[in-house]
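# Examination of the molecular architecture
The primary structure of each chain is shown beneath.
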Amino acid sequence: MAHRRVGRASSPPGSRAQWALRRTATLPCRSGHRPRRGGWGWAAVLAGLLTSAAAAQEALPPTAWPFDAAEAQRRQAAAAETLGLPAEWTVEVGGEVTMALVLVPAGEFVMGAPEAESPLDPDEAPQTRLRLERPFYLGRCEVTNQQYGCFDPTHDSRFIDTNWKDRVGPGLPLNEPQQPVCRVSWERAQAFCRWLGAKLGKTCRLPSEAEWEYACRAGTDTPFCCGTAEALPQFANLADASLASLKPWAVREQQANDGAVASAPVGRYQSNAWGLCDMHGNVAEWCASVYRPYPYEAADGREDPAATGARAVRGGSWDDRPRRCRSAFRLWYDPTFAVYNVGFRVLVEP
Ligand SMILES: [Ca+2]
Ligand SMILES: [Ca+2]
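Just so it is clear, the structure is predicted and the values come from calculations on it, not from any experiment. (Residues numbered from 1 in each chain as written. Chains lettered and ligands numbered in written order. Predicted model: local features only at pLDDT ≥ 70, side-chain atom pairs only at ≥ 80, totals over all residues.)

Once that is clear, we can look at the overall build of the protein chain. A tally of helices and strands in the protein chain yields seven helices and 14 strands. Across the 350 residues in the protein chain, those meeting the buried criterion constitute 48%. For the protein chain, long-range pairs separated by at least 24 residues make up 71% of all intrachain contacts whose partners lie at least 6 apart in sequence. (Helix = DSSP H or I, 4+ residues; strand = E, 2+ residues; numbered from the N terminus. Buried ≥ 20, exposed ≤ 12 C-beta atoms within 10 Å, placed from the backbone. Contact = placed C-beta atoms within 7 Å.)

So, in structure tokens, the structure goes:
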């Protein structure tokens with residue numbers, strides 16, 4: 001089954017229901033090819049098949065990959081122009097509270113880490129070439145405490161305790177308005193997305209693992225969107241040397257200084273080529289997908305919202321070394337867990 005196609009459409013390529021997500025490693029796209037009918041279901045819905053008229057007008061996505069930052073921005077601008085939509089879209093979350101979204105253009109990429117990438121965790125292979133047929137909006141930043149509070153005013157991301165538990169103070173805050181929300185379960189993150197989607201009149205959901213990694217990489221095939229780990233302190237809040245003030249025993253980057261011990265206000269660090277911030281680090285992020293081994297197969301049930309099992313978490317956090325913040329790194333938690341360093345960002349279908 002290694003060569004099996006994922007996703008199918010009842011209309012030819014270029015029409016409303018073209019494939020949203022397709023493995024292409026062993027099945028090159030053929031002009032005029034018409035996939036078999038049937039079998040859409042949840043995988044297709046989560047892959048972005050609820051088309052809009054504007055989205056349907058976009059030309060077939062480009063296939064060249066990897067690509068540099070200039071090409072990423074060119075593709076983003078081209079997608080926005082074709083769709084007649086802004087590359088950046090700010091939506092109202094509640095009252096004066098807004099959320100910035102960034103348009104991620106359709107295209108192809110290779111998911112997972114190459115064997116040459118070291119260190120490599122076994123669950124990051126084998127790689128799979130995927131084709132995302134539809135553009136989508138993704139939160140420029142992680143959802144903040146302030147934004148989440150518009151949905152659930154009772155939520156408190158609380159504090160992270162200090163090392164010696166002297167009880168003199170509560171520890172470092174995780175609940176400042178512009179810090180990313182954390183201690184929200186996958187189920188509550190999903191509920192936030194449904195709530196926001198209803199306000200916007202759009203389909204709003206968590207990104208699949210494929211969508212998350214494609215957005216994170218922004219055309220790169222390197223361990224991080226900024227290349228190697230050397231540039232990370234400008235791009236990401238990870239477990240740097242300052243973590244010693246909270247947890248002297250923690251494994252951390254002794255030489256790095258990213259300016260934040262725990263989570264930082266979102267958007268403080270340099271963005272990737274598509275304008276997305278904190279994809280590496282700050283808080284790790286829930287994805288829609290059930291955590292399952294590769295090769296990635298969107299149609300094998302992992303994108304079923306009703307499926308049971310642990311859900312994928314991506315990007316690492318302020319409490320993780322660079323190895324755990326790579327574009328390909330995968331983690332998982334039970335969907336009911338509310339974790340101190342896990343938050344999320346939203347995907348909105350155009
Ligand atoms: Ca840090
Ligand atoms: Ca993050």
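Don't stop here, the text continues.
In this model helix H5 (residues 186-200) runs 21 Å from its N-terminal to its C-terminal C-alpha over 15 residues, within 8% of the 21 Å that 1.5 Å per residue would give. Along H5, the residues classified as buried are Trp186, Arg188, Ala189, Gln190, Phe192, Cys193 and Leu196. Structurally, H5 contributes buried residues whose contacts are with strand S2 (88-94), helix H4 (145-151), strand S9 (204-205), strand S10 (284-290) and strand S11 (311-314). Backbone geometry just downstream of H5 places Gly201 in the positive-phi region, at approximately 70°. (Expected span 1.5 Å × (residues − 1).)

Looking now at the environment of Ala229. Mapping Ala229 onto the fold places it in the loop between helix H6 (209-217) and helix H7 (232-235). Between the C-alpha atoms of Ala229 and Pro322, which are 93 residues apart in sequence, the distance is 6.7 Å. When neighbours within four sequence positions are excluded, Ala229 is seen to be in contact with Phe224 and Pro322.

Among the nonpolar cores identified, the biggest contains 81 residues, and Leu138 and Ala215 are the most heavily contacted of them. If sequence neighbours within four positions are ignored, Ala215 has contacts with Val104, Leu138, Pro207, Trp274, Leu276 and Met279. (Core = buried A, V, L, I, M, F, W, Y, C linked by C-beta atoms within 7 Å.)

Here we take up the sheet that holds strand S13 (residues 342-343). One open sheet holds the four strands; their spatial order is S12-S11-S10-S13, and the pairing between them is mixed. The strands lining the two open edges of the sheet, one partner per strand, are strand S12 (330-333) and S13. Taken together, the two bridges between S10 and S13 define a ladder with parallel strand orientation. Bridging across to S13, Glu285 finds its partner in Gly343. In this fold H6 packs onto S10 and S11, with an angle of close to 140° to the strand it touches most, S10. (Pairing = 2+ DSSP bridges. Axes fitted to C-alpha atoms, helices over the stretch in contact; angles between N-to-C directions.)

Attention shifts here to the sheet that holds strand S14 (residues 347-348). Spatial ordering of the open sheet is given by S2-S3-S6-S14-S9, a layout of five strands whose pairing is antiparallel. The outermost strands of the open sheet, each flanked by one partner alone, are S2 and S9. The pairing of S2 with strand S3 (residues 97-104) spans six bridges and is antiparallel. Looking at the pairing, Glu92 lines up with Thr98 of S3.

So, about unusual backbone geometry. With an omega of 0°, the peptide bond between Trp65 and Pro66 qualifies as cis. Look at the link from Ala125 to Pro126: it is a cis peptide, with omega at 0°. Along the chain, the position of Pro126 falls in the loop between strand S4 (107-111) and strand S5 (128-132). Non-glycine residue Arg158 carries a positive phi angle of around 60°. Inspection of the secondary structure assignment puts Arg158 in the loop between H4 and strand S7 (159-160).

On average, the protein chain scores 84 in pLDDT, and the residues at 70 or more come to 81%. Counted against residues more than four places away or in other chains, residues 25-58, with its pLDDT under 50, gives 65 contacts. (pLDDT = per-residue confidence, 0-100.)

Of all five residues in S5, four are buried, a share of seventy percent or more. Judged from the five bridges that link them, S4 and S5 form a sheet pairing that is antiparallel. Looking at S5, one finds that Val110 is bridged to Arg129.

Here we come to the environment of Cys225. With respect to the secondary-structure elements, Cys225 resides in the loop between H6 and H7. Separated by 55 residues in the primary sequence, Cys225 and His280 have C-alpha atoms spaced 8.3 Å apart. Ignoring anything within four residues of it in the chain, the contact list for Cys225 reads Cys216, Arg217, Ala218, Thr220, Asn272, Met279, His280 and Ser327.

This next bit is on the environment of Glu297. Residue placement: Glu297 occurs in the loop between S10 and S11. For the pair Glu297 and Ala210, spaced 87 residues apart in sequence, the C-alpha separation works out to 9.7 Å.

With nine of nine residues buried, H6 lies mostly within the body of the structure. Turning to H6, its buried residues number three or more, namely Glu209, Ala210, Glu211, Trp212, Glu213, Tyr214, Ala215, Cys216 and Arg217. Backbone geometry just downstream of H6 places Ala218 in the positive-phi region, at approximately 50°.

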